Amino acid sequence: MKRKLIAAVGVAAMMVSVAACGSDSDDNKAADPKDRKGTLTVWLMNDAQSTWPEVVKDANKEFNKKFPGVKVNVQYQTWADKTKKLDAALSGDKFPDVVELGNTETMTYILGGALGEIDEKKYDNSDTWIKGLKDTCTYEGKLYCVPYYAGARVGVYNAEMFEKGAGAKEFPATEDELKTALGKIEKKYGKDKGFSSLYLPGKYWYAAMSYVAAYGGKIAEYDEGAKEWKATLSTPEAQKGIQHYVDLVNDYNNADKTKDEQDHANVMANEKTALIYGNAWEAGSVTDGEGNGNAELKGKIFPISMPGPEGKPLPTFIGGSDLATIAKSDQQDLGEEWISVYTSEKSQEGLMKENTLPNNTKQLQPLKEKPATAPAANAVEGAWFTPIAPGWAAIEKSEIIELMLLDIIKGKSVAEATKKADEEINKLINTEGA
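Residues numbered from 1 in each chain as written. Predicted model: local features only at pLDDT ≥ 70, side-chain atom pairs only at ≥ 80, totals over all residues. Heavy atoms only, no water.

> Could you give an account of the nonpolar core, naming the residues involved and the relevant values?
Nonpolar side chains in soluble globular proteins generally cluster together in the buried interior. Among the nonpolar cores identified, the biggest contains 55 residues, and Phe162, Met209, Leu233, Tyr245 and Ile401 are the most heavily contacted of them. Those residues in contact with phenylalanine 162 that sit more than four places away from it in its chain are Tyr157, Gly167, Ala168, Phe171, Pro172, Leu178, Ala181, Leu182, Ile185, Ala274 and Leu275. Counting residues in hydrophobic clusters, the runner-up holds 47 residues, among them Trp43, Ala48, Phe67 and Leu101. (Core = buried A, V, L, I, M, F, W, Y, C linked by side-chain atoms within 4.5 Å. Buried < 20%, exposed > 50% of the residue type's maximum accessible area, 1.4 Å probe, protein only. Contact = heavy atoms within 4.5 Å.)

Put into structure tokens, the structure is as follows:
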């Protein structure tokens, strides 16, 4: 497949030949870094503003030691509307020079020609970048973004409920032990009251695909002979994982099974479940009294490695963010310089102090021993990721997998539902901007 400009997600106008407004001055192209002038616009998500603002501040100071005449204008975005705003900006002449992207978003913008090529030699610890993150930045052997931080889904549990309901002073080590404990907890707290000992929503495809990975299955595979991606949810391995997940939903979720995972931390905060499978940071969301959490649960909610089938830990989806320069900015060199400072080993240490996983395995090691981060840190290196295929964004948007899961939960056979899902996925997976 050849990388080409496409109309997907409103980025048809993001041609490299379009220059950033006001960024093509002679001062901006001065050879001496101290003579560079202008403004470097950086879009970061509001996680940085709320959780590690000092890391941003320190990075800007370090950058300005080399480029004192360049103002760094950091603009914080929210996940709810960032993509829409970015697409609109890329279609015009006022756009960021550097942007943070969720790792599931990068391929759309790489294929759309929006991101500048990256030289990994400019970055600290690039030789030990977590592979799953680096893969989200790589296409046809070239790199288009820099891993920023990693994330992994883990179990988040209410220790008090496990102790009072199941007599478990420690979280069960295997799934069989966990199921026994969940049954006891359900009897203690009463499923007739809408309580779910394990709250797994029916449309939680990230969780479902973790069980697919546990049995050796995949969403899709690349066929080298045919030079195309092919859906594989109807393989025996994938079907086993899907059935395993659906059984857990039907056995333990006593609430609305048609929902997704967006409010599962709130379900736990309202003490309607003893266990969810979520991002490690959601343990904090459950007890955040200033947000939608329940401060009375502090000291009771903990992240934990989630047991999976056949006595092994449940494989996790690798989450996280990447940083990229915008291809049509004529300040890509400054953008790379800023990203290099912001993802330096020192900056990563600042993220680690906030229990955020770094972008590299070298610095990951101490977090494997820290209780708050150990479950995610130990899971992230072997994590799975979605197909790095041109049509993946369209597949995700269409909710093919979520609808398949709901069909099975409602009684359709796994064989019939996965066959239909594979057919729908194959219509989109090889088409850029489908």
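The structure having been displayed, the exposition proceeds.
> Hey, could you go over the packing of helix 9 (residues 236-252) against helix 18 (residues 414-428) for me, with residue numbers and the actual values?
Where helix 9 contacts helix 18, the axes come no closer than 10 Å and their chain directions differ by 115 degrees. Taken as a pair, helix 9 and helix 18 cross one another with a handedness that is right-handed. Facing helix 9, whose interface residues are Gln239, Ile242 and Gln243, helix 18 presents Val414, Ala415 and Thr418. (Axes fitted to C-alpha atoms, helices over the stretch in contact; angles between N-to-C directions. Helix = DSSP H or I, 4+ residues; strand = E, 2+ residues; numbered from the N terminus. Left-handed = near helix turned anticlockwise from the far one by under 90°.)

> Outline helix 9, supporting the account with residue identities and numerical values.
For helix 9, with 17 residues, the first-to-last C-alpha span of 24 Å sits near the 24 Å given by 1.5 Å per residue. On its buried face, helix 9 is in contact with helix 7 (175-189), helix 8 (205-214), helix 17 (400-409) and helix 18. (Expected span 1.5 Å × (residues − 1).)

> Kindly report on the pairing of strand 9 (residues 275-279), identifying the contributing residues and their values.
Consecutive side chains of a regular strand alternate in pointing toward one face of the sheet and then the other. Summarising burial for strand 9: five of the five residues are buried, a large majority. Here strand 6 (residues 146-158) pairs with strand 9 via five bridges, running antiparallel. Paired with arginine 153 across the two strands is asparagine 279, which belongs to strand 9. (Pairing = 2+ DSSP bridges.)

> I'd like to hear about the side chain of lysine 82, residue by residue, with values.
With respect to the secondary-structure elements, lysine 82 resides in helix 3 (residues 82-90). A distance of 3.1 Å separates polar atoms of two side chains, one belonging to lysine 82 and the other to glutamate 105. (Polar contact = N/O pair within 3.5 Å; in protein donor to acceptor, adjacent residues only side chain to side chain.)

> Give me the packing of aromatic side chains: which residues, what numbers.
Applying the stated criterion across every chain yields a total of 20 aromatic pairs. Seen from their ring centres, tryptophan 52 and tyrosine 148 are 6.3 Å apart, and the 90 degrees between their planes marks the pair as edge-to-face. One end of the pair, tryptophan 52, is in the loop between helix 1 (46-51) and helix 2 (53-66); the other, tyrosine 148, is in strand 6, and 96 residues separate them in sequence. Both residues of the pair, tryptophan 52 and tyrosine 148, count as buried. Between phenylalanine 162 and phenylalanine 171, the ring centres sit 5.2 Å apart and the planes meet at 50 degrees, which makes this aromatic pair tilted. Each member of the pair, phenylalanine 162 as well as phenylalanine 171, is classed as buried. By the ring-pair criterion, three or more aromatic residues cluster together here, those being Trp205, Tyr206, Phe317, Trp384, Phe385 and Trp392. The ring of tryptophan 43 carries lysine 85 above its face, with NZ or CZ at 5.7 Å from the centroid. Here the guanidinium or amino end of arginine 153 rests over the ring plane of tyrosine 206, the centre of that ring lying 4.1 Å away. (Phe/Tyr/Trp six-rings, centres within 6.5 Å; stacked < 30°, edge-to-face > 60°. Lys NZ or Arg CZ within 6 Å of the ring centre and 35° of its normal.)

> So what's going on with the pairing of strand 7 (residues 220-223)? Residues and values would help.
With four bridges joining them, strand 7 and strand 8 (residues 228-231) adopt antiparallel strand pairing. Looking across to strand 8, one finds that tyrosine 222 is bridged to tryptophan 229. Remark: four residues form the turn of the hairpin made by strand 7 and strand 8, two consecutive strands paired antiparallel; lysine 227 in that turn has positive phi of roughly 60 degrees.

> So, the environment of alanine 274: which residues are in play, and what are the values?
Tracing the backbone shows alanine 274 in the loop between helix 10 (264-269) and strand 9. Considered as a pair, alanine 274 and glycine 299 are 25 residues apart in the sequence and their alpha carbons are 14 Å apart. Beyond its immediate sequence surroundings of up to four residues, alanine 274 is in contact with Val156, Tyr157, Asn158, Met161, Phe162, Ile185, Phe195, Ser196, Ser197 and Met268.

> Account for unusual backbone geometry, with residues named and values stated.
Of note in this structure, glutamate 140 is not a glycine but carries a positive phi near 50 degrees. Structurally, glutamate 140 is set in the loop between strand 4 (138-139) and strand 5 (142-143). In this model, glutamate 310 sits at a positive phi of 60 degrees, which is unusual for a non-glycine residue. Of note, glutamate 310 is situated in the loop between strand 10 (301-304) and strand 11 (318-325). On the accessibility criterion, glutamate 310 (61% relative accessible area) is exposed.

> Can you tell me about the environment of tyrosine 204, naming the residues and giving the values?
In this structure, tyrosine 204 sits in the loop between helix 7 and helix 8. On the accessibility criterion, tyrosine 204 (1% relative accessible area) is buried. The sequence separation of tyrosine 204 and phenylalanine 385 amounts to 181 residues, and the corresponding C-alpha distance is 15 Å. Ignoring sequence-local partners within four residues, the contact set of tyrosine 204 consists of Arg153, Tyr245, Glu261, His264, Tyr277, Gly278 and Leu405. Of note is the side chain of tyrosine 204, whose polar atom sits 2.6 Å from the backbone oxygen of tyrosine 277.

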